Amino acid sequence: MKKAESRMMNGECQMMNDERGMRNAHDPMSRLVFLHSAFSILHSTFALGAVGLLCAVAAGASGQSAPSESVILAGRMVAPDGSLVDNVAVVVADGKIKAVKSADEFSERDGIIDRRDAVLCPGLIDAYSVLGAYGQNIETVNAIDPAASVRDSIDAYHRNFRAALRAGVTTALICPAPNNLVGGVGVVVRPDGTGSVETLRDEGPLLFALGSSAQAYSREPTSRMGALHLLRDALERARDGEGHGRLVSFAKGELSGMVICERAEDVSAALRTFGGIQRTPMIVHTAEAADVAEEIADHNKDAVVLVGPYTFGMSPRVLSGAAVLSNAGVNVVFAGRLPAAPTEGIRLTAALAVRYGMDAKAARAAMTSAAAQAIGVGDRVGSIAPGMDADFVVFSGDPLRMDSRVVEVYIKGVRVPMGMANVE
Amino acid sequence: MVPMPDRAFVASDPRVGRKEVASDPRVGRTSANQPTAGLLSLLLVGACLTAPPVSAQFLQRPLVIKNARIIRMNGPVIENGSVVIKGRVIKAIGADVKPPLLARSVDAKGKTVTPGLIDAYSALGMTSRRSRSAGPTSKAFDAFDRYAIDDFRDALRNGVTTVYVASRGARGITGVGAVVQLARDVGESAGVVIDDDAALCVDLGSGDSPTARLKTFRQVRKQFREALQYRRQWEDYEEDLKEYEKKLEERAKEEAEDKKKGEDKKEGKDKKEPDDKEDKPEDKTTSLFQMFGGPPGKDNEKDGPKDEKKKDEEEELKKPAEPKKDRKKEALLRAIDHKLPVRIEAHRSADILNALELAEEFSLDLMLEGATDAYLMADAIADAEVPVILGRVLVSDLQRRNEFHRSVATNAAALEEAGVTWTVGSGAIDGASSRFVLFNAQAAAAHVEGGDALRRVTIGSADLLGLSRKIGHLTPGMQADLVIWSGDPSDPASMVERVYVAGKLVFQR
């Protein structure tokens with residue numbers, strides 16, 4: 001636990017924990033050092049040009065199959081604001097995006113990946129998921145359990161991660177089940193396509209839950225009244241520095257939080273209870289979002305609301321709710337709930353929300369950049385921009401359209417091999 | 001003559017328009033020179049009394065939708081053209097169509113016009129519980145809730161104008177499905193049935209345990225076999241009846257002859273005298289030959305040597321018993337006679353194979369519904385020339401058990417490659433799912449080269465449902481079911497602005 005408490009920031013954290021299999025297939029540190037040395041050679045032999053290039057290529061090739069720098073040409077690209085930009089070239093180096101330019105600046109040459117008939121999109125983000133942890137993340141003994149971390153329940157070898165990749169989802173926030181008032185922290189992970197899973201954020205948002213799922217007959221709270229009373233009590237004590245370190249951090253505004261709400265009144269209660277805390281929690285909500293849109297917008301414009309995923313059979317108020325919220329200026333992000341919902345659920349929710357009035361740009365951003373920001377990894381993933389990790393998906397068309405399919409997935413600039421779904 | 005109201009189930013009622021005429025005692029008794037005039041006037045009165053006060057559509061001005069991009073599904077896309085609607089039908093469609101006089105017009109500049117979408121596998125309006133007693137005579141339209149207004153409106157908002165709903169019950173043969181249009185009917189109700197005998201619904205219960213599925217299939221097969229037996233029973237009866245009537249005739253003829261002969265001779269050489277009681281079998285046979293002039297018929301098989309001729313004759317004259325009429329079996333016989341297509345919901349590969357076998361054994365016009373595992377036997381389905389109506393395409397990892405455990409997104413692509421005729425519905429999950437049939441179709445078509453989802457849910461589904469002469473494409477003479485979209489219908493950002501069903505505006509944003 002001490003280890004956990006000392007890593008409070010959103011910084012990069014890589015687990016080298018053998019038991020959980022959550023490690024990098026290739027030892028990242030040595031690879032970075034190797035490439036660094038290759039580049040210094042490049043620098044020093046800049047005048048010689050060709051020799052330097054040869055060395056760089058050789059250095060890259062001996063470590064792995066991809067060259068150290070590659071260029072992908074795309075007919076269209078999803079920009080960080082969600083709009084579609086035509087004719088771009090993305091330069092990738094060392095697993096990161098080096099530059100985004102116009103495709104006209106690049107002529108045909110070796111090493112260019114030509115996807116000019118396709119759309120490049122940042123890897124999709126599932127902002128509320130149970131990948132690899134389904135059934136293992138429910139711990140109902142204590143209503144207030146800030147010490148738990150979902151990291152302990154993740155099976156990194158689970159085939160769900162591959163299924164998610166095949167649908168274009170490259171990053172997910174895995175959360176504890178919403179069965180406790182305070183359920184512990186979530187963890188942001190990224191499957192790397194070779195069978196292991198990398199942690200992008202270890203001390204994810206602190207998860208709160210309001211609604212009937214957090215109430216149990218075997219322990220308190222047994223009602224909404226009891227739930228809010230307990231929660232308020234815990235938060236007040238945390239503000240005074242009492243209680244678990246994570247709660248104290250959250251109350252101080254240092255650790256972000258996420259509230260799972262079932263109904264409109266749960267959302268109102270959340271806004272009231274957490275209102276005093278600077279760092280506004282995310283609200284996860286479904287069917288009654290339309291009813292509370294105004295309240296959220298008035299109360300706290302920085303709130304992020306997770307909606308969905310929509311599956312056929314749900315009330316379409318979920319979708320009109322997303323539209324109303326987004327148009328009122330509230331940040332809307334789509335929850336994928338993988339693997340409990342279909343893997344294409346994020347794109348489907350986005351497409352349907354657009355049909356019900358959400359702005360198409362906001363919908364694309366909700367799947368990518370806005371989602372990454374909401375879960376605290378927006379400086380690393382979620383957009384195609386210089387400095388970001390090179391996680392992107394090549395779609396056959398606009399990702400908002402259901403008739404577009406995933407053509408290729410790249411994680412850190414490396415193409416992920418994808419087998420046929422379900423016929424393995 | 002005032003036209004009849006265009007409400008399907010009223011128009012099909014045979015009593016409409018004829019009551020006054022048939023029951024009027026004066027009909028047919030007017031003088032020879034004036035029957036026509038009198039009859040006509042009575043018909044007119046009758047028609048006027050039964051028709052609504054004003055058949056508004058007929059008297060309405062024609063409608064022109066102009067400057068639109070028209071995706072008509074029966075020809076190339078018209079980039080800038082007009083559609084003329086008169087009454088219920090499309091009068092004209094094209095790039096240079098002259099609008100008729102007094103036409104109302106709608107400017108669809110920048111907008112797209114398509115045929116109304118068809119959900120060929122829907123549960124819209126089917127809110128009642130599954131009936132356990134459902135059988136081949138149950139009708140889907142009886143379970144259709146014509147007041148499920150919210151669901152209808154949402155379906156229209158997404159461009160859906162026609163749905164096929166199945167009769168659902170316990171497993172096996174559950175009834176007859178119906179094709180319903182989302183047009184306003186009386187008052188607030190909606191849902192006009194255009195075919196209430198669309199297909200025989202069979203559910204093989206792919207989500208059940210293996211023993212339950214085995215039982216279901218055996219039950220279905222047994223019902224078809226019994227239907228054939230029933231037919232043979234009736235055929236036997238018809239033959240027996242003919243024989244009996246023939247013998248009656250001959251008996252009557254004979255008796256007439258007998259009478260004549262009897263008047264001439266008291267004791268003739270004819271061995272037909274009643275006191276010839278005990279006859280040797282050979283004699284009897286000879287006499288029978290003489291009597292009937294032919295080889296012994298079936299009836300004589302049961303005649304043993306024990307019977308006297310007279311008693312034989314009396315027994316032979318017993319009318320054959322009519323078998324009990326069974327409407328359920330008759331419904332199945334219509335399926336066997338290709339008068340009613342059969343839609344079998346089968347997901348698992350074993351159930352699909354069973355369905356194909358059943359179709360072959362009883363030569364049914366089969367359509368597979370659901371067919372989650374179809375890609376595993378696409379060639380077999382193609383060889384059997386069975387069309388497939390796909391349902392739910394997007395399945396979560398957790399749903400991958402029971403009937404969906406091998407669901408793949410590339411199912412449609414495999415069918416397309418094998419040359420199977422296929423379309424997509426919404427999967428009949430519940431009433432809400434119909435509205436997203438285009439999205440579901442897009443998810444299915446995503447992996448098909450040139451997979452045109454819009455085509456599948458318009459003309460594709462109309463063809464499969466056998467309604468392509470009425471709906472599914474925009475051609476002069478066809479029913480005017482069309483949707484005006486604010487942009488390309490496949491783009492989720494475009495909205496449905498107006499929906500017309502049978503020429504009437506049923507939805508406007």
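Now for a description of the structure that goes with this document.

About the cut-offs
Residues numbered from 1 in each chain as written. Chains lettered and ligands numbered in written order. Predicted model: local features only at pLDDT ≥ 70, side-chain atom pairs only at ≥ 80, totals over all residues. Heavy atoms only, no water. Helix = DSSP H or I, 4+ residues; strand = E, 2+ residues; numbered from the N terminus. Buried < 20%, exposed > 50% of the residue type's maximum accessible area, 1.4 Å probe, protein only. Contact = heavy atoms within 4.5 Å. Areas by Shrake-Rupley, 256 points an atom, 1.4 Å probe, with all protein chains shown as cover. Buried area = accessible area lost by both parts, 1.4 Å probe. Salt bridge = Lys/Arg side-chain N within 4 Å of Asp/Glu carboxyl O. Polar contact = N/O pair within 3.5 Å; in protein donor to acceptor, adjacent residues only side chain to side chain. Nonpolar A, V, L, I, M, F, W, Y, C, P; charged D, E, K, R; others polar. Pairing = 2+ DSSP bridges. Axes fitted to C-alpha atoms, helices over the stretch in contact; angles between N-to-C directions. Right-handed = clockwise from strand over helix to strand, strands pointing away. Phe/Tyr/Trp six-rings, centres within 6.5 Å; stacked < 30°, edge-to-face > 60°. Core = buried A, V, L, I, M, F, W, Y, C linked by side-chain atoms within 4.5 Å. Parallel < 35°, antiparallel > 145°, perpendicular 65-115°, else oblique. Disulfide = S-S within 2.5 Å. Patch = residues over 30% accessible without salt bridge, like charges linked within 9 Å, V, L, I, M, F, W, Y side chains within 5 Å. Lys, Arg positive; Asp, Glu negative; His and termini not counted. Charge placed at Lys NZ, Arg CZ, Asp CG, Glu CD.

1. Thoughts on the overall build of chain A
Next up, step 1: Within chain A, the secondary structure is distributed over twelve helices and 17 strands.
Next up, step 2: Per-residue burial over chain A gives 57% buried out of 424 residues.
Next up, step 3: The contacts in chain A between residues at least 6 apart in sequence include a share of 69% that link residues at least 24 apart.
Next up, step 4: Of the roughly 17000 Å² of accessible surface on chain A, a fraction of 52% belongs to carbon and sulfur atoms.

2. Side note on the interface of chain B and chain A
Next up, step 1: Between chain B and chain A, the residue contacts involve 37 residues of the former and 31 residues of the latter.
Next up, step 2: With both chains or domains summed, chain B and chain A bury close to 2800 Å², and 62% of this area falls on carbon and sulfur atoms.
Next up, step 3: It is Leu-394, Asp-397 and Phe-436 of chain B in chain B that bury the most area against chain A; as a group they hold 22% of the surface buried on that side.
Next up, step 4: Taken together, the connections running from chain B to chain A amount to one salt bridge.
Next up, step 5: In this structure, the salt-bridge partner of Asp-488 of chain B is Arg-401 of chain A, at a minimum N-O distance of 3.7 Å.
Next up, step 6: Inspection of the region where chain B meets chain A yields seven residue pairs in polar contact (both at pLDDT 80 or more).
Next up, step 7: Elements with a minimum of two residues in the side of chain B that touches chain A: helix H5 (149-157) and helix H13 (437-445) of chain B.
Next up, step 8: For the side of chain B that touches chain A, the element with the highest residue contribution is H13 of chain B, accounting for four residues.
Next up, step 9: Of the residues contributing to the side of chain B that touches chain A, the split by class is 17 nonpolar, eleven polar and nine charged.

3. Considering the sheet that holds strand E6 (residues 117-122) of chain B
Pairing between the strands of a sheet is mediated by backbone hydrogen bonds and can be parallel or antiparallel.
All names here are of chain B.
Next up, step 1: The strand order across the open sheet built from eight strands is E6-E7-E8-E9-E10-E11-E12-E13, with neighbouring strands paired in mixed fashion. Pairing within the sheet leaves two strands with one partner each, and these edge strands are E6 and strand E13 (422-424). Each strand axis lies, on average, 30° off the axis of its neighbour in the sheet, ignoring direction.
Next up, step 2: By the bridge criterion, three bridges tie strand E12 (residues 388-390) to E13 in an arrangement that is parallel. When the bridges of E13 are listed, Leu-390 appears paired with Val-424.
Next up, step 3: Against the sheet, helix H12 (residues 411-418) contacts E12 and E13, and its axis sits at roughly 160° relative to E12.
Next up, step 4: Along the sheet, H13 contacts E6, strand E7 (160-165) and E13; its crossing angle with E13, the most-contacted strand, is approximately 135°.

4. Concerning the pattern of salt bridges
Next up, step 1: Scanning all chains against the criterion turns up 42 salt bridges over all chains.
Next up, step 2: Two residues, Arg-435 of chain B and Asp-151 of chain B, come together in a salt bridge whose shortest N-O distance is 2.9 Å. Separated by 284 residues along the polypeptide, Arg-435 of chain B in the loop between E13 and H13 and Asp-151 of chain B in helix H5 bring together distant segments of the chain. Each member of the pair, Arg-435 of chain B together with Asp-151 of chain B, is buried.
Next up, step 3: Taken together, the salt bridges that share partners define one network made up of Lys-96, Arg-190, Glu-198, Arg-380, Asp-389, Asp-391 and Lys-412 of chain A.

5. What to know about the pairing of strand E6 (residues 169-174) of chain A
All names here are of chain A.
Next up, step 1: Of all six residues that make up E6, six are buried, and the element is covered over most of its length.
Next up, step 2: Pairing analysis gives four bridges linking strand E5 (residues 124-129) to E6, with the strands arranged parallel. If you follow Ile-125 over to E6, its bridge partner there is Thr-171.
Next up, step 3: Handedness of the crossover is the feature at issue here: the chain leaves E5, passes through helix H4 (residues 160-166), returns alongside E6, and the resulting connection is right-handed.
Next up, step 4: Examined bridge by bridge, E6 and strand E8 (residues 187-191) share three bridges and lie antiparallel to one another. The residue bridging Ala-172 from the neighbouring strand is Val-189, located in E8.

6. Here we look at the pairing of E7 of chain B
Residue and element names in this part refer to chain B.
Next up, step 1: Of all six residues in E7, six are buried; the element is thus mostly enclosed.
Next up, step 2: The pairing of E6 with E7 spans four bridges and is classified as parallel. The partner of Asp-119 across the bridge, within E7, is Val-163.
Next up, step 3: Connecting E7 to the next strand, strand E8 (residues 172-184), in antiparallel fashion are six residues.

7. Examining the sheet that holds strand E16 (residues 406-411) of chain A
Residues and elements named next belong to chain A.
Next up, step 1: Taking strand neighbours across the sheet as the criterion, the seven strands line up as E3-E2-E1-E4-E15-E16-E17 in an open arrangement whose pairing is mixed. Two strands bound the open sheet, and with one partner strand each, they are strand E3 (96-102) and strand E17 (414-415).
Next up, step 2: Inspection of the sheet shows strand E1 (residues 69-78) paired to strand E2 (residues 84-93) by nine bridges, in the antiparallel sense. In the sheet register, Glu-69 faces E2, and the bridge partner there is Ala-93.

8. Some remarks on the packing of aromatic side chains
Residues and elements named next belong to chain A.
Next up, step 1: In the structure shown here, the tally under the stated rule is twelve aromatic pairs over all chains.
Next up, step 2: Aromatic pair Phe-392 and Tyr-410: ring centres 5.2 Å apart, planes at 35°, arrangement tilted. Of this pair, Phe-392 sits in strand E15 (residues 392-395) while Tyr-410 is found in strand E16, placing the two residues 18 residues apart along the sequence.
Next up, step 3: The buried category is assigned to Phe-392, whose relative accessible area is 0%.

9. Thoughts on the nonpolar core
Next up, step 1: Counting 175 residues, the largest nonpolar core has Phe-334 of chain A together with Phe-224, Leu-368 and Ile-381 of chain B as the members making the most contacts within it.
Next up, step 2: Of the residues forming this core, the biggest block, nine residues, is contributed by helix H6 (residues 210-264) of chain B.
Next up, step 3: Once residues lying within four places of it in the same chain are set aside, the contact partners of Phe-224 of chain B are Ile-173, Leu-200, Leu-332, Ala-335, Ile-336, Leu-358, Phe-362 and Leu-364 of chain B.
Next up, step 4: With 25 residues, the next largest nonpolar core counts Cys-175, Val-188, Leu-207 and Leu-306 of chain A among its residues.

10. Concerning the side chain of Ser-129 of chain A
Residues and elements named next belong to chain A.
Next up, step 1: Structurally, Ser-129 can be placed in strand E5.
Next up, step 2: A residue is classified by how much of its surface remains accessible, and Ser-129, at 0% relative accessible area, is buried.
Next up, step 3: With near-sequence residues (within four places) excluded, Ser-129 lies in contact with Ala-172, Leu-173, Ile-174, Cys-175, Arg-337 and Leu-338.

11. Let's talk about the packing of helix H7 (residues 264-274) of chain A against helix H8 (residues 289-299) of chain A
When two helices pack together, their arrangement is given by the angle between their axes and by how far apart the axes lie.
Residues and elements named next belong to chain A.
Next up, step 1: Running from N to C, H7 and H8 cross one another at 10°; their axes reach a closest spacing of 10 Å. Taken together, the axes of H7 and H8 are roughly parallel relative to one another. Residues Ala-264, Val-267, Ser-268, Leu-271 and Arg-272 of H7 form the contact with H8, whose participating residues are Asp-291, Val-292, Glu-295, Ile-296 and His-299.
Next up, step 2: When the residues that make up the contact of H7 with H8 are grouped by side-chain class, the tally is five nonpolar, two polar and three charged.

12. Quick notes on helix H10 (residues 345-355) of chain A
All names here are of chain A.
Next up, step 1: Summarising burial for H10: eleven of the eleven residues are buried, a large majority.
Next up, step 2: Of all the positions in H10, only Gly-345, Ile-346, Arg-347, Leu-348, Thr-349, Ala-350, Ala-351, Leu-352, Ala-353, Val-354 and Arg-355 are classed as buried.
Next up, step 3: Positive phi appears at Gly-357, one or two residues downstream of H10, with a value of about 120°.

13. A closer look at the state of the cysteines
Next up, step 1: For the structure shown, the criterion picks out zero disulfides over all chains.
Next up, step 2: Left without a disulfide partner, Cys-175 of chain A is nearest to the cysteine sulfur of Cys-261 of chain A, which lies 13 Å away.

14. Details of a negative patch on the surface
Next up, step 1: A surface patch of negative charge is lined by Glu-235, Asp-236, Glu-238, Asp-240 and Glu-322 of chain B.
Next up, step 2: As for its position among the elements, Glu-235 of chain B is in helix H6.

15. Some words on the packing of helix H5 (residues 224-239) of chain A against helix H6 (residues 245-252) of chain A
Residues and elements named next belong to chain A.
Next up, step 1: Here H5 crosses H6 at 80°, and the two axes come no closer than 8 Å. On the basis of their axis angle, the class for H5 and H6 is roughly perpendicular. In contact with Leu-235, Ala-238 and Arg-239 of H5, H6 contributes Leu-247, Val-248, Phe-250 and Ala-251.

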